[in-house]
Amino acid sequence: EVQLVESGGGLVQPGGSLRLSCAASGFTFTDYWMSWVRQAPGKGLEWVANIKQDGSATYYVDSVKGRFTISRDNAKNSLYLQMNNLRAEDTAVYYCARASRWGGPFDFWGQGTLVTVSS
Amino acid sequence: DIVMTQSPDSLAVSLGERATINCRSSQSVLYSSDNKNYLAWYQQKPGQPPKLLIYWASTRESGVPDRFSGSGSGTDFTLTISSLQAEDVAVYYCQQYYSTPFLFGLGTKLEIK
């Protein structure tokens, strides 16, 4: 059974940092591009970043460039998102999602982890 | 950036009737080298992650009921539910995966009339 399980969310103050993790199982992790997609409360979906199968290429939405870093550990079947200098507008549920191609489609999603940036 | 515009924002349809959701991209998402439209549709029910319904604009994901269909090419796309069922109440999103950033539409909320 394919599973993506996110963890690491929580409450953080503006300017703070948080590291999200996504544990993958039930499929060959190295066959897939992996992405983070977020959803602010009551809002739509926003693609945040993705990373190539071997970790050699990464892409980000402009609003997080220089603050967020996506990475993966293929030996541990895990995806990460290091989030620094967090802002209130980063408050969202963060989903990890897999895709067989560069930008999608995202054929499987985790349940998400909530990040709240507030003082 | 390729901006995705969905219409309508919300839609109420009677059970058994047809529901149609539109999506327009600000630039073509038809890739000439493979003649494929890099456009996907997702369904999101409350409290759940999105679920992939349609990719390449018209290819149904495995396990998705055949009442769901996608059509269109270039910049104009449509998701059609041929006979609405109660379990289809959800928000539907289109997404382009042609170029980064891989933007989604703002969503269409589908309800029962």
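Residues numbered from 1 in each chain as written. Chains lettered and ligands numbered in written order. Predicted model: local features only at pLDDT ≥ 70, side-chain atom pairs only at ≥ 80, totals over all residues. Heavy atoms only, no water.

A.B. asks: What exactly am I supposed to notice about the state of the cysteines here?
C.D. replies: The bond known as a disulfide is covalent and runs between the sulfur atoms of two cysteines. A complete count under the given rule lists 2 disulfides over all chains for this structure. A sulfur-sulfur distance of 2.0 Å marks the disulfide that ties A:Cys22 to A:Cys96. On the sign convention where negative is left-handed, the bridge of A:Cys22 and A:Cys96, at about 50° about the S-S bond, is right-handed. On the criterion of sequence distance, the pair formed by A:Cys22 in strand β3 (residues 18-25) and A:Cys96 in strand β9 (residues 92-99) is long-range, its members being 74 residues apart. Like A:Cys96, A:Cys22 is buried. Linked covalently through their sulfurs, B:Cys23 and B:Cys94 form a disulfide whose S-S length is 2.1 Å. Residues B:Cys23 and B:Cys94 share a disulfide whose torsion about the S-S bond is about 75°; that sign makes it right-handed. Residue B:Cys23 is located in strand β3 (residues 19-25), and its partner B:Cys94 is located in strand β11 (residues 90-96); the two are separated by 71 residues in the primary sequence. Residue classification places B:Cys23 among the buried residues on the basis of a relative accessible area of 2%. (Disulfide = S-S within 2.5 Å. Helix = DSSP H or I, 4+ residues; strand = E, 2+ residues; numbered from the N terminus. Buried < 20%, exposed > 50% of the residue type's maximum accessible area, 1.4 Å probe, protein only.)

A.B. asks: What exactly am I supposed to notice about the interface of chain B and chain A here?
C.D. replies: When the parts come together, some accessible area is lost, and that loss is often what is quoted as the size of the interface. Opposite the 22 residues of chain B that make contact, chain A presents 22 residues. Carbon and sulfur atoms make up 66% of the surface buried where chain B meets chain A, a total of about 1700 Å² over both sides. Per-residue buried area on chain B facing chain A is highest for B:Pro49, B:Phe102 and B:Phe104; these three make up 33% of the total on that side. Across the contact surface, chain B and chain A share 0 salt bridges. If you list the elements that add at least two residues to the side of chain B that touches chain A, you get β6 (39-44), β7 (51-55) and β11 of chain B. For the side of chain B that touches chain A, the element with the most residues is β6(B), which contributes 3 residues. Among the residues making up the side of chain B that touches chain A, the classes are represented as 14 nonpolar, 6 polar and 2 charged. (Contact = heavy atoms within 4.5 Å. Buried area = accessible area lost by both parts, 1.4 Å probe. Salt bridge = Lys/Arg side-chain N within 4 Å of Asp/Glu carboxyl O. Nonpolar A, V, L, I, M, F, W, Y, C, P; charged D, E, K, R; others polar.)

A.B. asks: Please explain a nonpolar patch on the surface as it appears in this structure.
C.D. replies: Where nonpolar side chains cluster on the molecular surface, the patch consists of B:Leu15, B:Val89 and B:Ile112 and spans about 230 Å² of accessible area. Relative to the helices and strands, B:Val89 is located in the loop between β10 (76-81) and β11. (Patch = residues over 30% accessible without salt bridge, like charges linked within 9 Å, V, L, I, M, F, W, Y side chains within 5 Å. Areas by Shrake-Rupley, 256 points an atom, 1.4 Å probe, with all protein chains shown as cover.)

A.B. asks: Whenever I open this one, unusual backbone geometry confuses me. Can you help?
C.D. replies: With glycine set apart, most residues show a phi of negative sign, and most peptide bonds adopt trans. Of note, the amide linkage connecting A:Gly104 to A:Pro105 takes the cis form, showing an omega dihedral of 0°. For A:Pro105, the location among the structural elements is in the loop between β9 and β10 (106-109). B:Pro8 follows B:Ser7 through a cis peptide bond whose omega is -10°. Structurally, B:Pro8 can be placed in the loop between β1 (4-7) and β2 (10-13). The backbone phi angle of A:Asn77 is positive, close to 50°, even though this residue is not glycine. Structurally, the position occupied by A:Asn77 is in the loop between β7 (68-73) and β8 (78-83).

A.B. asks: Where do I start with the sheet that holds β6(B) in this structure?
C.D. replies: Within a sheet, adjacent strands bond to each other through the backbone by hydrogen bonds, running parallel or antiparallel. All names here are of chain B. Taken in spatial order, the 6 strands of this open sheet run β2-β12-β11-β6-β7-β8, and their pairing is mixed. Lying at the two open borders of the sheet, with one neighbouring strand each, are β2 and β8 (59-60). The pairing of β2 with strand β12 (residues 108-112) spans 4 bridges and is classified as parallel. Its bridge partner being in β12, valine 13 is matched across the sheet by isoleucine 112. (Pairing = 2+ DSSP bridges.)

A.B. asks: What am I meant to see in the nonpolar core here?
C.D. replies: The nonpolar side chains of a soluble globular protein tend to be buried, and buried together. With 45 residues, the main nonpolar core has A:Trp36, A:Leu79, A:Met83, A:Tyr94, A:Phe106, A:Trp109 and B:Phe104 as its most contacted residues. If you tally residues by element for this core, the top one is β9(A), at 6 residues. Aside from chain neighbours lying at most four places away, what touches B:Phe104 is A:Val37, A:Leu45, A:Glu46, A:Trp47, A:Phe106, A:Trp109, B:Met4, B:Tyr42, B:Tyr93, B:Cys94 and B:Gln95. (Core = buried A, V, L, I, M, F, W, Y, C linked by side-chain atoms within 4.5 Å.)

A.B. asks: Got a minute to help me understand the environment of B:Ser58 in this structure?
C.D. replies: Summarising the element assignment, B:Ser58 is placed in the loop between β7 and β8. For the pair B:Ser58 and B:Asn37, spaced 21 residues apart in sequence, the C-alpha separation works out to 8.7 Å.

A.B. asks: Even after reading the chapter, I still don't get the environment of B:Ala40, so can you show me in this structure?
C.D. replies: Looking at where B:Ala40 falls in the secondary structure, it is placed in strand β6. Classification of B:Ala40 by relative accessible area gives buried; the value is 0%. Remark: the alpha-carbon pair of B:Ala40 and B:Thr108, spanning 68 residues in sequence, is separated by 14 Å. If we ignore the near neighbours within four places in the chain, the residues touching B:Ala40 are A:Pro105, B:Leu52, B:Ile54, B:Tyr55, B:Tyr93, B:Cys94, B:Gln95 and B:Tyr97.

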